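Reading the structure
The residues making up each chain are set out below.
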Amino acid sequence: GFHHIGKFMTADEHLWIYGRVPKYWNAVKEQNWRNTYIHEKPGITLAIISGTGLLQYSNPQSFLLKNQASISGTPEKLEKMLSTFRLPILIFNGLFAIFFFWILKKITANDWIALWSGIFILLSPILLGSSQIVNSDSLLWTFATATILSFVAYLEKNEKKFAILASLFLGLSMLTKFTATILMPLLFVIAIFFFLERVKDFSQTKDLLAKKIKDASLVYFAIIAGSVALFAILLPASLYKLRNYLYDGTIGYSIMPYILTPIALFLLILIIEYRWVKNRYTLNVLGFFHNIWTNLSKLLYVLLIATFLLLIANYSLGQDFLRLEKIPFDARQVNIFNYADPTIRFLLEFRPVVFSLTPFVIFLLIFIWTRSFFAKTKENFLIFSLSAFILIYNVAVVQQGLLNTIRYSIIIYPSLFILAAIGLNYLVPEKNKKWWVNPVITVLVIAISTLSLWQIKPFYFNYTNLLLPQKYIVVDSWGYGGYEAAQYLNSLPDAEKKIAWTDYYGFCDFFKGKWLEIYSVDQSKDHIDCFVTRRSG
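Residues numbered from 1 in each chain as written. Predicted model: local features only at pLDDT ≥ 70, side-chain atom pairs only at ≥ 80, totals over all residues. Heavy atoms only, no water.

Under the defined criterion, the tally for this structure stands at twelve salt bridges. Its salt-bridge partner being Glu159, residue Lys161 comes within 3.5 Å of it at the nearest N-O pair. Of the charged contacts in the structure, one is a salt bridge between Glu197 and Lys376, with a shortest N-O distance of 3.4 Å. Pair noted here: Glu197 is in helix H8 (residues 183-198) and Lys376 is in the loop between helix H16 (359-374) and helix H17 (380-399), with a separation of 179 residues, a long-range link. Given a relative accessible area of 11%, Glu197 falls into the buried group. Lys376 gets classed as partly exposed once you look at its relative accessible area, which sits at 48%. (Salt bridge = Lys/Arg side-chain N within 4 Å of Asp/Glu carboxyl O. Helix = DSSP H or I, 4+ residues; strand = E, 2+ residues; numbered from the N terminus. Buried < 20%, exposed > 50% of the residue type's maximum accessible area, 1.4 Å probe, protein only.)

With an omega of 10 degrees, the peptide bond running from Lys41 to Pro42 counts as cis. Its place among the elements puts Pro42 in the loop between helix H1 (13-29) and helix H2 (44-51). A cis amide bond links Lys457 to the next residue, Pro458, at an omega of -5 degrees. Inspection of the secondary structure puts Pro458 in the loop between helix H19 (437-456) and helix H20 (482-490). Positive phi, close to 55 degrees, is recorded for Ala109, a residue that is not glycine. On the secondary structure map, Ala109 appears in the loop between helix H3 (75-108) and helix H4 (111-122). Classification of Ala109 by relative accessible area gives exposed; the value is 58%. With a phi close to 55 degrees, Lys278 is a non-glycine residue in the positive phi region. Given a relative accessible area of 43%, Lys278 falls into the partly exposed group.

What follows concerns the side chain of Thr307. Here Thr307 is to be found in helix H13 (residues 298-316). By relative accessible area, Thr307 is classed as buried at 3%. If we ignore the near neighbours within four places in the chain, the residues touching Thr307 are Phe346, Leu347 and Phe350. (Contact = heavy atoms within 4.5 Å.)

In this model H17 runs 28 Å from its N-terminal to its C-terminal C-alpha over 20 residues, within 8% of the 28 Å that 1.5 Å per residue would give. The first or second residue beyond H17 is Gly401, which carries a positive phi of 70 degrees. (Expected span 1.5 Å × (residues − 1).)

Read these as layout, nothing more, since geometry by itself doesn't imply function.
Structure, rendered in structure tokens:
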């Protein structure tokens with residue numbers, strides 16, 4: 001990840017580096033708490049983590065012009081500044097794999113699943129590429145996955161420390177990007193899954209199950225309250241505008257009040273019922289739906305398998321018989337996507353994900369979903385929870401009328417890799433595993449994953465697997481190429497005197513000459529020597 005880290009500039013990244021991150025730190029330094037609101041995302045964790053890189057300099061402001069619009073100095077100085085902001089994110093995400101290993105070991109009691117999950121996450125070209133970018137998505141996948149795993153660990157182990165971690169990471173997730181508010185109803189859904197899954201395990205100890213339901217209900221309220229409190233602490237501006245910043249940024253975001261209000265009422269009823277009749281009616285309902293649930297839950301795996309295989313078949317045959325390409329991969333919120341058939345929209349949300357995973361990971365995903373359809377595993381609850389999150393997230397994006405790009409769907413990638421690691425564990429039957437099998441598998445996983453990184457280096461975020469024919473693409477340049485274009489122009493004679501017109505800011509600060517981004521150019525004043533444009537320019 002250190003490779004090429006200062007040699008590109010992505011969309012909107014300069015807004016964070018030159019404005020939003022310094023604004024947050026200056027507000028804290030001057031105790032001007034109203035100014036800690038730096039963006040609607042809100043990107044607070046991004047400001048905190050990436051901004052720590054500036055602590056190595058005695059006078060960080062020397063890197064910036066007075067208007068903070070651009071780097072003052074040479075392209076070499078720009079590279080150093082970009083590395084300063086990006087390295088903390090890269091190092092943070094890299095070290096966070098230790099947490100994933102620890103929490104997965106607690107949940108699965110399997111060192112190998114925990115280890116392989118960490119390897120898949122660390123050596124994913126997409127996650128590595130995103131960790132090189134000063135953008136909220138670079139941290140969203142980290143905190144969101146930690147929230148889900150911590151809550152699953154709480155349900156499995158019934159230890160309060162995991163609930164505290166879930167609250168901590170939920171707060172950090174919402175401080176990273178508003179998208180994370182989907183985790184609040186998701187945790188409730190995961191709890192429902194757990195009790196439907198385990199109700200038969202408590203057939204002889206119904207009082208214990210009733211207490212666990214009551215405790216989980218109280219813990220859910222505590223997790224939400226704790227996350228909102230953390231949001232307010234790290235974003236003090238929200239205390240000055242409780243409605244606009246605190247409420248709208250957490251439990252009041254978008255349609256959340258219409259979802260969380262019924263959830264809160266339902267949980268209150270469960271708590272009251274426990275005090276009156278020890279959740280007798282709830283236990284009867286859970287027992288009734290258990291068998292139905294066992295069969296219906298398998299449909300989730302069928303749907304995911306079918307989605308992956310249908311997309312692969314559509315493109316691998318080179319025909320696009322579903323005619324998905326009539327809607328560009330970067331259409332985002334344009335009407336052409338929203339007017340499409342719901343089935344087509346659903347498939348399109350998965351299109352960037354399927355073709356940015358390595359074929360080996362895709363094979364393992366299909367394997368574990370197929371195996372889970374036919375037989376339960378020890379990790380059944382974890383498998384279903386992560387699979388449901390992947391599905392629920394994409395359905396929610398469809399409902400929002402937003403077409404996923406790889407950056408928008410980055411939140412679900414760690415879940416996919418954890419599922420792949422579980423699949424890898426069951427690929428070789430336990431009875432056939434000699435002492436050397438898992439170490440050999442580990443070496444092969446590292447080798448295969450490293451090969452994918454090597455093939456796409458240094459443009460990790462552009463990784464596309466071999467299952468997609470070259471005439472199709474699912475990811476744009478996302479900031480790559482501007483440095484190389486500038487280096488070429490800088491090598492020409494009198495580069496400092498040349499004028500370049502560009503539609504891509506990521507080129508500008510690497511170029512030694514003068515650049516123009518305006519769409520109306522008077523060539524009598526500025527004679528353009530060259531044009532630098534993007535693919536979609």
